[in-house]
Amino acid sequence: MDLLLVEKSLLALFVAIIAAITVSKLRGKRLRLPPGPLPVPIFGNWLQVGDDLNHRNLTDLAKKFGNILLLRMGQRNLVVVSSPEPAKEVLHTQGVEFGSRTRNVVFDIFTGKGQDMVFTVYGEHWRKMRRIMTVPFFTNKVVQQYRYGWEDEAARVVEDVRKIPEAASTGIVLRKRLQLMMYNNMYRIMFDTRFESEEDPLFLKLKALNGERSRLAQSFDYNYGDFIPILRPFLRGYLKICKEVKERRLQLFKDYFVEERKKLASTKSMSNEGLKCAIDHILDAQRKGEINEDNVLYIVENINVAAIETTLWSIEWGIAELVNHPEIQKKLRDELDAKLGPGVQVTEPDTQKLPYLQAVIKETLRLRMAIPLLVPHMNLNEAKLGGYDIPAESKILVNAWWLANNPENWKNPEEFRPERFLEEESKVEANGNDFKYLPFGVGRRSCPGIILALPILGITIGRLVQNFELLPPPGQSKIDTTEKGGQFSLHILKHSTIVAKPRAF
Ligand code: HEM
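Here the structure is a predicted model, which means the values were calculated and not measured.

1. Brief notes about the site of the ligand
Around the ligand, a shell composed of 25 residues is seen, among which Arg101, Trp126, Arg130, His377 and Cys447 lie nearest. One of the side-chain N or O atoms of tryptophan 126 is found 2.8 Å from an oxygen atom in the ligand. Within the backbone of alanine 306, one N or O atom sits 3.4 Å away from a nitrogen atom of the ligand. Mapping the ligand onto the cavity grids shows that it belongs to the largest cavity. When residues of the shell around the ligand are traced back to their parent elements, those giving at least two are α6 (124–137), α13 (293–324) and α18 (450–467). Broken down by element, the shell around the ligand gets its largest block of residues, five residues, from α13. In terms of residue class, the shell around the ligand is built from 16 nonpolar, six polar and three charged.

2. Describing the side chain of glutamate 153
Position of glutamate 153 relative to the elements: it lies in helix α7 (residues 140–163). What makes glutamate 153 buried here is its relative accessible area of 0%. Side-chain polar atoms of glutamate 153 contact the side chain of arginine 188, separated by 2.7 Å.

3. Some remarks on the packing of α6 against helix α12 (residues 278–287)
In contact at an axis separation of 8 Å, α6 and α12 are set at 150 degrees when each is read in the N-to-C sense. As the angle between them shows, α6 and α12 are arranged roughly antiparallel. The two elements α6 and α12 cross, and the hand of that crossing is right-handed. Across from Ile132, Val135, Pro136 and Phe137 in α6, the residues of α12 making contact are Ala278, His281, Ile282 and Ala285. Class assignment of the residues belonging to the contact of α6 with α12 gives a composition of seven nonpolar, one polar and no charged.

4. Notes on the layout of surface pockets
Vacant regions in the atomic arrangement are exposed by a probe of water-molecule size rolled over the atoms. Taken as a whole, the largest pocket spans an internal volume of roughly 500 Å³. Lining the largest pocket are 22 residues, with Gly211, Ser214, Arg215, Glu309 and His491 positioned closest to its centre. Considering each element in turn, the lining of the largest pocket owes the most residues, six residues, to helix α9 (residues 201–218).

5. Section: the environment of asparagine 184
Looking at where asparagine 184 falls in the secondary structure, it is placed in helix α8 (residues 174–191). For asparagine 184, a relative accessible area of 0% translates into the label buried. Here the alpha-carbon distance between asparagine 184 and arginine 417, two residues 233 residues apart in the chain, equals 31 Å. Those residues within four positions of asparagine 184 in sequence are excluded, and the remaining contacts are Glu153, Thr193, Arg194 and Phe195. At 2.7 Å, the side chain of asparagine 184 forms a polar contact with the backbone nitrogen of phenylalanine 195.

6. Observations concerning the nonpolar core
Counting residues in hydrophobic clusters, the biggest one holds 154 residues, and the most contacted among them are Phe137, Tyr187 and Leu470. At 16 residues, the largest contribution of residues to this core is made by α13. In this structure phenylalanine 137 touches Val142, Ile189, Met190, Ala278, Ile282, Ile299, Ile303 and Leu452, once residues within four positions along its chain are discounted.

7. A few points about the UniProt feature "binding site: heme" (unreviewed entry) in the chain
This chain's UniProt record puts "binding site: heme" (unreviewed entry) on Cys447. Its relative accessible area of 31% is what places cysteine 447 among the partly exposed residues.

Calculation notes
Residues numbered from 1 in each chain as written. Predicted model: local features only at pLDDT ≥ 70, side-chain atom pairs only at ≥ 80, totals over all residues. Heavy atoms only, no water. Near = heavy atom within 4 Å. Polar contact = N/O pair within 3.5 Å; in protein donor to acceptor, adjacent residues only side chain to side chain. 1 Å grid on protein atoms, 1.4 Å probe; cavity = no way out; pocket = protein on both sides within 12 Å on 5 of 7 lines; lining within 4 Å. Sits in = over half its atoms within 2 Å of the grid points. Helix = DSSP H or I, 4+ residues; strand = E, 2+ residues; numbered from the N terminus. Nonpolar A, V, L, I, M, F, W, Y, C, P; charged D, E, K, R; others polar. Buried < 20%, exposed > 50% of the residue type's maximum accessible area, 1.4 Å probe, protein only. Axes fitted to C-alpha atoms, helices over the stretch in contact; angles between N-to-C directions. Parallel < 35°, antiparallel > 145°, perpendicular 65-115°, else oblique. Left-handed = near helix turned anticlockwise from the far one by under 90°. Contact = heavy atoms within 4.5 Å. Points joined across faces, edges and corners; volume = space filled by probe spheres on them. Core = buried A, V, L, I, M, F, W, Y, C linked by side-chain atoms within 4.5 Å. UniProt positions renumbered as here; feature names shortened; annotations may be inferred.

Shown next as structure tokens:
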């Protein structure tokens with residue numbers, strides 16, 4: 001009797017398992033996945049599409065497979081969105097469903113598995129971090145408090161370049177000096193501190209570690225171990241270097257900046273809210289128990305990459321385009337001279353009154369988007385997009401560069417023509433009011449730093465054009481604007497030499 005019961009139970013279990021497998025298979029079959037190249041076992045599409053999934057290669061794939069396409073990269077699902085309608089679904093209509101972030105093996109290390117803000121999933125932690133960062137970084141009050149600092153830093157760039165004799169003859173790598181300026185712009189906000197020169201040992205150390213972090217994170221070299229988990233042991237060496245860089249970097253932030261600021265704060269009264277810098281606000285949140293010490297350091301980490309490099313790359317692209325388009329440069333200079341008077345240095349409030357300057361900035365961000373695929377989004381749960389089923393935890397890349405460079409949406413998009421933003425596209429703003437132009441994203445995970453980035457770009461590019469004639473080096477008619485893409489970044493490959501001829505007023 002007992003034996004019969006066991007037999008029956010086993011049979012029931014067997015039937016249940018078969019039924020479960022059949023149902024799951026049927027469900028699997030019912031999924032209407034987006035089109036894409038045919039995947040092969042284990043590797044998926046990886047061997048077909050390769051490692052370099054930059055915005056241009058993804059555009060070519062979209063032309064073949066459509067505006068919502070699926071790539072199987074080993075074990076990872078990657079969905080590429082390439083037209084305004086589904087971009088609106090991902091970023092706005094279904095902003096919660098697609099509001100998380102994927103992290104690969106390397107970003108897991110640099111963000112402590114999402115203890116930061118930029119790479120954390122959509123939820124309580126992200127909301128708290130974004131709230132805590134808003135007052136010290138992302139309000140108009142911050143702009144009003146720090147604009148004098150940015151104007152001062154830009155004035156020092158002009159002064160320093162004027163002092164270098166070869167700047168006017170053979171030229172200089174202007175980017176190096178602008179990098180110091182961008183660090184100072186952000187370190188003034190964060191820690192109320194600045195670096196005196198490009199040779200400052202602390203600045204050099206910081207710059208080297210941040211550079212390493214970016215190189216390691218944006219490289220495609222580690223894709224294989226990320227896509228195919230059984231290959232991960234071969235990444236051990238790479239990941240070890242990432243861990244070392246991460247440790248050294250966070251230690252540097254802690255020892256030289258956070259602790260220094262704490263010491264200073266303990267010696268003088270910080271009761272005057274107006275004198276507080278960003279880290280004082282962040283440390284207040286730590287004291288209240290809202291975040292821990294690691295979160296504080298990850299906020300510093302996020303600002304170092306999200307704010308400094310993106311803005312610097314955009315300034316560099318803007319200058320490159322102005323050097324290669326002297327007629328546009330002249331038109332901008334004429335606007336500055338006419339509106340402000342020759343030699344009257346542009347300030348933050350002036351940037352609002354200079355439509356051509358604004359148009360030059362918008363056009364730079366359109367053609368040379370610093371984050372052309374936005375920061376990858378993710379759906380935690382299975383979702384629907386444009387009638388397709390999107391498997392849970394897919395990496396969603398919105399090809400914002402193609403939205404802004406597709407001839408179906410723009411007139412002669414390959415041309416650098418700021419006038420488009422004063423003529424046929426005069427209603428299009430950088431804040432995402434039109435889904436074909438999203439240099440800062442839009443919606444919940446959009447860039448909160450836009451409020452700082454735009455005035456910094458205006459002040460810096462404005463002052464350079466006011467004070468110098470920017471030219472290619474002797475014997476060259478143009479500077480090289482070859483692009484270098486990363487996992488989701490885009491910058492100029494060669495930091496070109498530029499001649500900066502001072503203007504006499
Ligand atoms: C020209 C300069 C900049 C560009 C082009 C840029 C672009 C972007 C883009 C495309 C995103 C991702 C949007 C998305 O995934 O939907 C982003 C996110 C972010 N940016 Fe920026 N950014 C710039 C400057 C800044 C600055 C100056 C800061 C800080 C002071 C900053 C802080 C952030 C943060 C914290 C996020 C993550 C937001 C989140 O995940 O909730 N960015 N940025």
